[in-house]
Amino acid sequence: MMDEVYKADENRYDGTMRYRRSGRSGILLSEVALGLWHNFGGVNPLENSKKMLHYAFDKGVTYFDLANNYGPPYGSAEETFGKVMKSSFMPYRSELFIATKAGHDMWPGPYGEWGSRKNLMNSLHASLQRMNLDYVDVFYSHRYDPDTPLEETLQTLVDIVKQGKALYAGISKYPTEAARFAYNYLRQRDVPCLVYQGRYNLLDRAVEQEGILDQAQEEGAGFVAFSPLAQGLLSDRYLSGKVAEGSRMSRAHFLRPEVLTDGLLKGLNALAEVARDRGQTLAEMALAWLLKDDKVTSVIVGTSSLEQLQMNLNALKNTSFSEEELARIDRLLAATPSPFTGRG
Ligand SMILES: NC(=O)c1ccc[n+]([C@@H]2O[C@H](COP(=O)([O-])OP(=O)(O)OC[C@H]3O[C@@H](n4cnc5c(N)ncnc54)[C@H](OP(=O)(O)O)[C@@H]3O)[C@@H](O)[C@H]2O)c1
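First, a word on scope: everything that follows refers to the structure included in this document. (Residues numbered from 1 in each chain as written. Predicted model: local features only at pLDDT ≥ 70, side-chain atom pairs only at ≥ 80, totals over all residues. Heavy atoms only, no water.)

## Remarks on the overall build of the chain
Argument step 1. For the chain, the count of helices and strands is 11 helices and 10 strands.
Argument step 2. A globule of 344 residues ought to have a C-alpha radius of gyration of about 20 Å, and the chain, at 19 Å, matches this closely.
Argument step 3. In terms of its C-alpha atoms, the chain occupies a principal-axis envelope of roughly 55 × 50 × 40 Å.
Argument step 4. Every one of the 344 residues in the chain was classed for burial, and the buried ones make up 56%.
Argument step 5. Of all intrachain contacts in the chain linking residues separated by at least 6 positions in sequence, the fraction that spans at least 24 positions is 77%.
Argument step 6. Total accessible area computed for the chain in this model is approximately 15,100 Å², and 50% of it derives from carbon and sulfur atoms. (Helix = DSSP H or I, 4+ residues; strand = E, 2+ residues; numbered from the N terminus. Rg over C-alpha atoms; globule rule 2.2 N^0.38 Å. Buried < 20%, exposed > 50% of the residue type's maximum accessible area, 1.4 Å probe, protein only. Contact = heavy atoms within 4.5 Å. Areas by Shrake-Rupley, 256 points an atom, 1.4 Å probe, with all protein chains shown as cover.)

## A closer look at the packing of aromatic side chains
Argument step 1. By the definition in use, this model includes 16 aromatic pairs.
Argument step 2. Counting every residue linked through ring pairs, the aromatic cluster contains Tyr6, Phe57, Phe64, Phe81, Phe89 and Tyr92.
Argument step 3. The ring of Phe321 has Arg278 sitting right over it, with the charged end atom 3.6 Å from the ring centre.
Argument step 4. Taking the ring centre of Trp289 as reference, the NZ or CZ of Lys292 above it sits at 4.1 Å. (Phe/Tyr/Trp six-rings, centres within 6.5 Å; stacked < 30°, edge-to-face > 60°. Lys NZ or Arg CZ within 6 Å of the ring centre and 35° of its normal.)

## A word on the site of the ligand
Argument step 1. Looking at the ligand, there are 32 residues lining it, with Asp65, Lys173, Ser227, Arg248 and Ser304 nearest.
Argument step 2. One nitrogen or oxygen atom from the main chain of Gly35 is found 3.3 Å from an oxygen atom belonging to the ligand.
Argument step 3. With respect to the ligand, the backbone of Leu229 contributes an N or O atom lying 2.8 Å from an oxygen atom.
Argument step 4. Summarising the interface, the protein chains cover 98% of the accessible area of the ligand, which totals 910 Å² for the free molecule.
Argument step 5. Secondary-structure elements contributing two or more residues to the shell around the ligand are β10 (298–301) and α10 (306–314).
Argument step 6. The class makeup of the residues in the shell around the ligand is 12 nonpolar, 14 polar and six charged. (Near = heavy atom within 4 Å. Polar contact = N/O pair within 3.5 Å; in protein donor to acceptor, adjacent residues only side chain to side chain. Nonpolar A, V, L, I, M, F, W, Y, C, P; charged D, E, K, R; others polar.)

## Some thoughts on helix α5 (residues 176–188)
Argument step 1. For α5, with 13 residues, the first-to-last C-alpha span of 18 Å sits near the 18 Å given by 1.5 Å per residue.
Argument step 2. All of the buried residues in α5 are Ala178, Ala179, Ala182, Tyr183, Tyr185 and Leu186.
Argument step 3. Where α5 is buried, its residues touch α4 (150–162), β7 (166–172), β8 (193–199) and α7 (212–218).
Argument step 4. Asp190 sits one or two residues past α5 and shows a positive phi near 65°. (Expected span 1.5 Å × (residues − 1).)

## Details of the side chain of His104
Argument step 1. Examined against the element boundaries, His104 turns out to sit in the loop between β5 (97–102) and α3 (117–131).
Argument step 2. In this structure the side chain of His104 is engaged in a polar contact, spanning 2.6 Å, whose partner is the side chain of Lys173.
Argument step 3. Beyond its immediate chain neighbours, meaning those up to four positions away, His104 contacts Asn68, Asn69, Gly112, Glu113, His142, Arg143 and Lys173.

## Notes on the nonpolar core
Argument step 1. Formed by 100 residues in total, the largest nonpolar core has its most connected members in Phe64, Phe81, Phe89 and Leu233.
Argument step 2. No other element matches helix α9 (residues 282–291), which puts nine residues into this core.
Argument step 3. Those residues within four positions of Phe89 in sequence are excluded, and the remaining contacts are Tyr6, Leu53, His54, Phe57, Phe64, Phe81, Val84 and Leu96.
Argument step 4. Leu29, Tyr63, Val138 and Tyr140 belong to the second largest nonpolar core, which has 13 residues in total. (Core = buried A, V, L, I, M, F, W, Y, C linked by side-chain atoms within 4.5 Å.)

## Observations concerning the pairing of β7
Argument step 1. Of all seven residues in β7, five are buried; the element is thus mostly enclosed.
Argument step 2. Here strand β6 (residues 136–141) pairs with β7 via five bridges, running parallel. Bridged to Val136 within β7 is Ala166.
Argument step 3. As a crossover connection, the stretch from β6 through α4 into β7 is right-handed.
Argument step 4. As paired strands, β7 and β8 are joined by four bridges and run parallel to one another. Bridge pairing in β8 places Gly170 opposite Val195. (Pairing = 2+ DSSP bridges. Right-handed = clockwise from strand over helix to strand, strands pointing away.)

This is how it looks when you write it as structure tokens:
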């Protein structure tokens, strides 16, 4: 049987989704973006991935966030996206803002990760092929490489943009000092860094505390938050203390059951109560809490089902908080242990 031809919802820009300017640039990102780190790999049913991608675009999500090694297996999330480009999204290419990255573990040997020109260039070529694209909208250096001269990594970003393989350059998880160097280097070469991607959620406020958020704003870059739900902790998924089969925590790799301490569970349940008082689920409130701040350009959610995606988009209905609500949340967070260490 032939697949039905996808036709995007004509009402996708009806005003429910809003778009925020990324720093001082022409980039306008949907407040909610869809990330393909998990749930879109070769191990996941293509039909479910397709359904979520279609639904997202139908609801005005235009920013899709990928990286070379998303899967599993590595590369397969880009292949999934490439299949959907071919089957559905090609007529809408100019509306889509597609990101990919390189810098984490990808292929064996000395050039399979980090920030060398060799890694970044080879990786992007392969990403474009997998995704059936001529260019990506933003190419990120996925992480700071302390051993490769930063000039080499950044010059590669400049060249990638000048060659038209990416329209814009971005950095992810760079510490403050390296980020300052990057903003300056890139600006001086007329390829400004227009987006910084970092982990930010109720349980991990390091980007606030370390000045990364303020710095991005001062430097004219947008800030995009990844893992806004702390990989699912900030939802009703684990509130009972049980680890559901099929959940990210049940795979015990990126999210381990050990993090579910009594202290964390108590804090999460108390936060869920604040959310209930606001007429939201915990996931909706967690996303709204990030979007209350105009320094945050977009939040990248990762979803394993259509229902999760629908719920997360509901967050947009109420993204304002009273002083009292914010103070209540801060008091709860002060008493809640964070499961995070490092930059993710
Ligand atoms: N730059 C970087 O280094 C970096 C690092 C990490 C992520 N990212 C980007 O950020 C994206 C999002 O990261 P993330 O996947 O960690 O985000 P997240 O939104 O914090 O967590 C996603 C997980 O939370 C659960 N979830 C989502 N919505 C839910 C809901 N409404 N109710 C219950 N559970 C819900 C799902 O878990 P289950 O699978 O258990 O259902 C889902 O897989 C990635 O896809 C990637 O694009 C970038």
